[in-house]
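Structure at a glance
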Amino acid sequence: MNIEDLFAGVGVVIDDKVFSTNEEEDRIVSIVKELENSLKFPLVKYADLPEEDVLSKLNNVSFFLLDWEIDTRETILGESGLNVELGSEYKASLEKRVIETLQNIIRSSLIPVFVFSNQDINSIEKKLIEAGMDLGKRQIFIKSKSELIEQGSMFKAIEKWVDGVSGVYVAKCWEQAFYKAKNNFFAEMANNTSHWPKSLFCAADEDSVNPGEEISQAISQNIISRMLPIEISQEQIDKDTDKPNKGEVLSIMKGQFFLENVSDASIVGDFYKEKSNKFYVNIRPTCDCIDGRDNSDGLIYLLSCCKLRDDQVSELFSNGHFKETVGCAVVGPLFENKFYRINFRKIIVEKYSQWKEKKKGRILPPIINHITERYSLYIQRQALPRIPSEIIPAAVK
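These notes cover the structure that comes with them.

How each quantity is defined
Counting of residues starts from 1 at the beginning of each chain's written sequence and follows it residue by residue. Local features are withheld for residues below a pLDDT of 70 in this predicted model, meaning they are given only at 70 or higher, and side-chain atom pairs are given and counted only at 80 or more; totals for whole chains, interfaces and linings count all residues. Heavy atoms from the whole structure form the basis of all side-chain values; hydrogens and water molecules are not counted. Two strands form a pair only when DSSP identifies at least two bridges running between them. Runs of H or I in DSSP of at least four residues are treated as helices and runs of E of at least two as strands, each being numbered from the N terminus. In this scheme, a helix's expected span is set at 1.5 Å multiplied by one less than its residue total. Burial classes follow relative accessibility: with a 1.4 Å probe on protein chains only, a residue under 20% of its type's maximum area counts as buried, one over 50% as exposed, and anything between as partly exposed. To obtain the arc, one takes the directions from the helix axis to the C-beta atoms. We call two residues in contact when some of their heavy atoms are within 4.5 Å. For the purposes of these results, a polar contact is taken to be a pair of N or O atoms within 3.5 Å, where, inside protein, one atom must be able to donate a hydrogen and its partner to accept one; residues adjacent in sequence count only when each atom of the pair is a side-chain atom. Fitted lines through C-alpha atoms give the axes, limited to the stretch in contact for helices. The angle between two N-to-C directions lies from 0 to 180 degrees. Working definition: roughly parallel below 35 degrees, roughly antiparallel above 145 degrees, roughly perpendicular at 65 to 115 degrees, and oblique for all remaining angles. Note on convention: the crossing is left-handed when the near helix lies turned anticlockwise from the far helix by less than a right angle, right-handed when the turn is clockwise. As a working rule, the residues Ala, Val, Leu, Ile, Met, Phe, Trp, Tyr, Cys and Pro are called nonpolar, Asp, Glu, Lys and Arg charged, and the rest polar, with Gly in that last group. Within 6.5 Å between ring centres, the rings of Phe, Tyr and Trp (the latter by its six-membered ring) count as paired, and their orientation is classed by plane angle as stacked under 30 degrees, edge-to-face over 60, tilted in between. For a ring to carry a charge above it, either NZ of a lysine or CZ of an arginine must fall within 6 Å of the ring centroid while also lying within 35 degrees of the normal to the ring plane. Within this scheme, the nonpolar core is defined by two criteria: the residues are buried Ala, Val, Leu, Ile, Met, Phe, Trp, Tyr or Cys, and they are joined through side-chain atoms within 4.5 Å.

1. Things to note about the sheet that holds strand E7 (residues 270–273)
Taken together, 7 strands build an open sheet; the order of strands is E6-E14-E7-E8-E9-E13-E12 and the sheet is antiparallel. Each having just a single partner strand, strand E6 (258–259) and strand E12 (328–331) make up the two edges of the open sheet.

2. Focus: helix H13 (residues 246–257)
The first and last C-alpha atoms of H13 sit 16 Å apart over 12 residues, in line with the 16 Å expected at 1.5 Å per residue. Three or more residues of H13 are buried, namely Leu250, Lys254 and Phe257. In a view along the axis of H13, the buried residues occupy a sector of 70 degrees, so they form one face of it. Along H13, the residues that are exposed and aim more than 90 degrees away from the buried face are Glu248 and Ile252. In this structure, the buried residues of H13 make contact with E6, strand E14 (359–363) and helix H16 (367–379). For H13, the side-chain oxygen to backbone nitrogen distance between the N-cap and Gly247 is 2.8 Å, and the N-cap itself is Asn245.

3. Remarks on the environment of Phe41
The residue Phe41 is located in the loop between helix H2 (28–38) and strand E2 (43–46) in this model. Phe41 has contacts with Glu4, Phe7, Ala8, Gly9, Leu35, Glu36, Phe63 and Phe155, leaving out every residue within four places of it along the chain.

4. Some remarks on helix H8 (residues 153–164)
Taking 1.5 Å per residue, 12 residues should reach 16 Å; H8 reaches 17 Å between its end C-alpha atoms and fits that length. Those residues of H8 not exposed but buried are Ser153, Met154, Phe155, Ala157, Ile158, Trp161, Val162 and Asp163.

5. Examining the packing of helix H10 (residues 196–206) against helix H11 (residues 211–227)
At their nearest, the axes of H10 and H11 sit 8 Å apart, and the two run at 130 degrees to each other. The pairing of H10 with H11 is recorded here as oblique in orientation. Relative to H11, H10 is oriented so that their crossing is right-handed. Every residue of H11 that contacts H10 at Trp196, Pro197, Leu200, Phe201, Ala204 and Asp205 is listed here: Pro211, Glu214, Ile215, Ala218 and Ile219. Its residues assigned to classes, the contact of H10 with H11 shows 9 nonpolar, no polar and 2 charged.

6. Here's the deal with the pairing of strand E3 (residues 63–67)
The element E3 is extensively covered by neighbouring structure, given that 5 of its 5 residues are classed as buried. Side chains Phe63, Leu65 and Asp67 of E3 all project onto a buried face; the interleaved residues Phe64 and Leu66 project onto the opposite face, where all are buried too. Where E3 meets strand E4 (residues 113–117), 4 bridges bridge the pair, whose relative direction is parallel. By the bridge assignment, Leu65 is partnered in E4 with Phe114.

7. Digging into the packing of aromatic side chains
Taken as a whole, this structure holds 23 aromatic pairs when the rule is applied. Seen in terms of ring centroids, Trp174 and Phe178 are 5.1 Å apart; in terms of plane orientation they differ by 10 degrees. Their pairing is stacked. Pair noted here: Trp174 and Phe178 are both in helix H9 (residues 166–192), with a separation of 4 residues, about one helical turn. Residue Phe178 is classed as partly exposed on the basis of its relative accessible area, which comes to 22%. Arranged with centres 5.3 Å apart and planes meeting at 70 degrees, the rings of Phe271 and Tyr340 form a pair that is edge-to-face. Linking Phe271 in strand E7 with Tyr340 in strand E13 (residues 340–351), this pair joins segments that are 69 residues apart in sequence. Linked through ring pairs, Phe258, Phe271, Phe279, Phe335 and Tyr340 together constitute an aromatic cluster. Sitting over the ring of Trp355, Lys358 keeps its end group 4.3 Å from the ring centre. Positioned above the aromatic ring of Tyr378, the side-chain terminus of Arg381 is 3.9 Å from the ring centre.

8. Focus on the nonpolar core
Core analysis: the biggest nonpolar cluster contains 26 residues, and Phe7, Leu35, Phe63, Leu65, Phe155, Ile158 and Val162 have the highest contact counts within it. Elements supplying a minimum of two residues to this core: helix H1 (3–6), H2, E3, E4, H8 and H9. The greatest single-element share of this core, amounting to 6 residues, is contributed by H8.

9. Side note on the environment of Lys45
Note that Lys45 resides in strand E2. Each C-alpha atom, one on Lys45 and one on Asn343, is 59 Å from the other, the two residues being 298 residues apart in sequence. With residues near it in sequence (within four places) discarded, Lys45 still touches Val13, Val18, Phe19, Val32 and Glu36. Reaching out from Lys45, the side chain makes a polar contact with the side chain of Glu36 at a distance of 3.1 Å.

Here's what the structure looks like:
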């Protein structure tokens, strides 16, 4: 694994001396010089902490370098302000701003953040822990500037972090493949015609379906097909020696099989919950559910779903799959990270308008395909005559 390639991209440096040209004035000058000249990283530089709305536009960068001791005296008071002694309350307010910036960065990203300072590192760690940050799990590295100035030290720290967290490694591999595929796809489309969305929009509109969803699905499938296969190293995965957390795995699997916050459109796989804590899934084909078509009757076909207890899930699980009878399908994790038995013996036909507010999400392929395929087999099954026991050979002793 080449860690510099894995985190290739734009870096952000936030330091009040970042625009200085005098290496003797501050070590950040040497750090910036190495990143830009030796490692060829383009950098975005700030002499003060950027506002939250600016940070939100930096969520695709490769790393942050953040000075714990942002000194704004010169910015506020001019050069003479450097002679003004910092009071304890002012220092505390500056540290609070740095902590808030850190929280905004890590709240919705895996971007590594290097916090550097001339202060005691243990005291900084203590303040971050008091602010609710788990330094053992998050992408925060607290270093002195003298450590960062050593060639390659920053990426050695990132590599150690990635080695211990396989999820970060896989996410970065996927991200690199995604951006490459996305750029190739958009370049290809732009070179052919930049008006292609108009055709898809009109086709979806004529079909009485949401054009935004149809275009998004077409783009997603085009990009995913250009991404595959993504190379994931077994050697790198094996470096992560921690045992996977059940809750994290459940969350990932649920996201693959079940979508919450879905659109108002009626679609196969829509999942409903009644106040009586009963669950249902719509198995009617999407083309028959679309409101606005001439032959649309606004009906949905519902199968009941039974939420399974943990002991039932364990009993039905065997060799990576669930034991299913001819009259049901067992699937999950779905809504609320639970597993469900879908019962085929009775189908309920209802008006979608009466169930719309009860929708909790949508079961996604391949799970909904598994349900509808098994239901098709169930309703087409043929009964066989009972075989007389007299014609069955005796067991050989």
